[in-house]
Amino acid sequence: MQETSINPRRRFLKLAASTSLAAASTSALAQAFSFSPNQRYPDPSVLILDPSFAKYRLYSSTVEQVGTGMRWAEGPAYFPNVVAGQPGYLLCSDIPNNRLMKFDEATGKFSVYQQNVNYANGNTRDRQGRLITCEHSVTRRVVRTEKNGKKTVLADRFEGKRLNAPNDVVVKSDDSVWFTDPLFGINGEWEGSRAKPEQATTNVYRIAKGGQITAVITDLVNPNGLAFSPDESKLYVVEWKGTPNRSIWSFDVNADGTVSNKTKLIDANGTGSLDGFRVDRDGNLWCGWGHSGAFAAEATDVGGGLKAHLPTGNSEEMDGVKVFSAQGKAIGFIKLPERCANLEFGGPERNRLYMASSHSLYALYVETHGAV
């Protein structure tokens with residue numbers, strides 16, 4: 001049968017399958033974004049801002065789109081194969097569509113993994129290989145999915161009051177779970193259901209192995225992404241609503257589970273926007289990056305008798321992943337066609353960087369490994 005005899009719907013589904021982007025239903029491809037990898041090596045999208053980044057760039061690796069069809073991609077978490085050296089899979093959140101998506105490395109299939117997930121945002125894998133999820137709205141809790149599929153609630157209240165909107169989560173080697181709790185999931189109807197916050201502040205919490213919940217940081221305005229340094233002596237946290245700019249703060253992690261010595265490590269500097277990030281084995285911070293949404297105070301003529309307050313700077317040039325050294329120096333940048341919200345190291349060797357970016361999931365092999 002020739003292609004011309006296939007009706008448009010079948011042709012569309014066949015094309016999606018051939019590019020390994022078919023999901024479980026056609027609705028999963030709403031908001032799909034077309035992308036072609038760069039033909040040239042080295043990929044001109046991978047920029048060396050400082051010579052120290054050169055050793056992390058693979059000459060013959062290029063940015064790939066491995067999934068699309070989401071409305072706001074977030075929270076990637078990688079699950080290795082039980083057989084060492086074999087392909088695993090990655091889960092990520094599609095928050096407005098209220099579902100988790102799955103990319104299978106062995107088959108290249110991108111599909112709906114689970115629906116009606118209470119607007120899940122951040123995800124991670126604990127030391128026993130279980131999924132831990134920040135349910136961003138409605139339930140407003142942190143849950144662990146057991147090996148039998150049942151969910152255990154790790155936190156939904158602090159001091160008798162409901163959490164705000166759990167956002168991002170990491171697990172320390174002592175099995176304590178650390179998560180941020182800004183307001184995003186209850187601010188409106190796009191990423192959940194509007195609700196009045198009960199907590200007086202937006203905190204970073206620690207759940208001890210025994211289940212005790214403590215607020216370890218209470219003075220950040222809408223804390224977002226977080227991660228530990230490779231030796232876990234430092235905790236890094238994004239302050240989404242910092243003054244005057246969005247920032248990453250560094251804290252010393254004490255033996256008793258508290259933190260101290262708050263120090264600004266990275267300043268987004270103007271209209272830059274930090275979100276989620278990961279740390280590699282050398283201590284570099286690989287940060288989701290984009291435009292903050294700031295717009296000019298003065299309106300500009302845009303034609304047709306209209307004047308509009310345009311974004312400050314060129315937002316398209318800011319979309320991607322910005323890499324900083326452990327000292328906070330910008331050393332590399334990966335340009336993407338969409339704003340990157342969060343990322344994860346995956347692959348059998350933990351050297352494949354997955355980037356959850358607006359409508360799509362991108363991947364790039366790099367010459368480093370994730371810290372955990």
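All figures in this text were calculated on a predicted structure; none of them were measured in a lab.

To continue, consider the side chain of D94. The residue D94 is located in strand β4 (residues 89–94) in this model. According to the relative accessible area criterion, D94 is buried, its value standing at 0%. When neighbours within four sequence positions are excluded, D94 is seen to be in contact with G69, M70, R71, W72, R99 and M101.

This brings us to the packing of aromatic side chains. Aromatic ring pairs are defined here through the distance separating the ring centres and the angle between the ring planes. In the structure shown here, the tally under the stated rule is 12 aromatic pairs. Residues F179 and Y205 carry aromatic rings whose centres are separated by 5.2 Å and whose planes lie at 25° to one another, so their mutual orientation is stacked. Remark: Y205 occurs in strand β15 (residues 203–207) and F179 occurs in strand β14 (residues 177–181); sequence separation between them is 26 residues. When the centroid spacing of 6.0 Å and the interplanar angle of 50° are considered together, the rings of W289 and F324 count as tilted. Of this pair, W289 sits in strand β22 (residues 285–291) while F324 sits in strand β25 (residues 320–324), placing them 35 residues apart in sequence. F324 gets classed as buried once you look at its relative accessible area, which sits at 4%. Among the aromatic residues, those joined into a ring-pair cluster are F53, Y56, W286 and F345. Lying over the aromatic face of Y89, K102 brings its terminal NZ or CZ to 4.6 Å of the ring centre. When the ring centre of W249 is taken as origin, the NZ or CZ atom of K262, which lies over that ring, is 4.4 Å away.

Rules behind the numbers
- Residues numbered from 1 in each chain as written.
- Predicted model: local features only at pLDDT ≥ 70, side-chain atom pairs only at ≥ 80, totals over all residues.
- Heavy atoms only, no water.
- Helix = DSSP H or I, 4+ residues; strand = E, 2+ residues; numbered from the N terminus.
- Buried < 20%, exposed > 50% of the residue type's maximum accessible area, 1.4 Å probe, protein only.
- Contact = heavy atoms within 4.5 Å.
- Phe/Tyr/Trp six-rings, centres within 6.5 Å; stacked < 30°, edge-to-face > 60°.
- Lys NZ or Arg CZ within 6 Å of the ring centre and 35° of its normal.

Interpretation in functional terms is not warranted from these geometric data alone.
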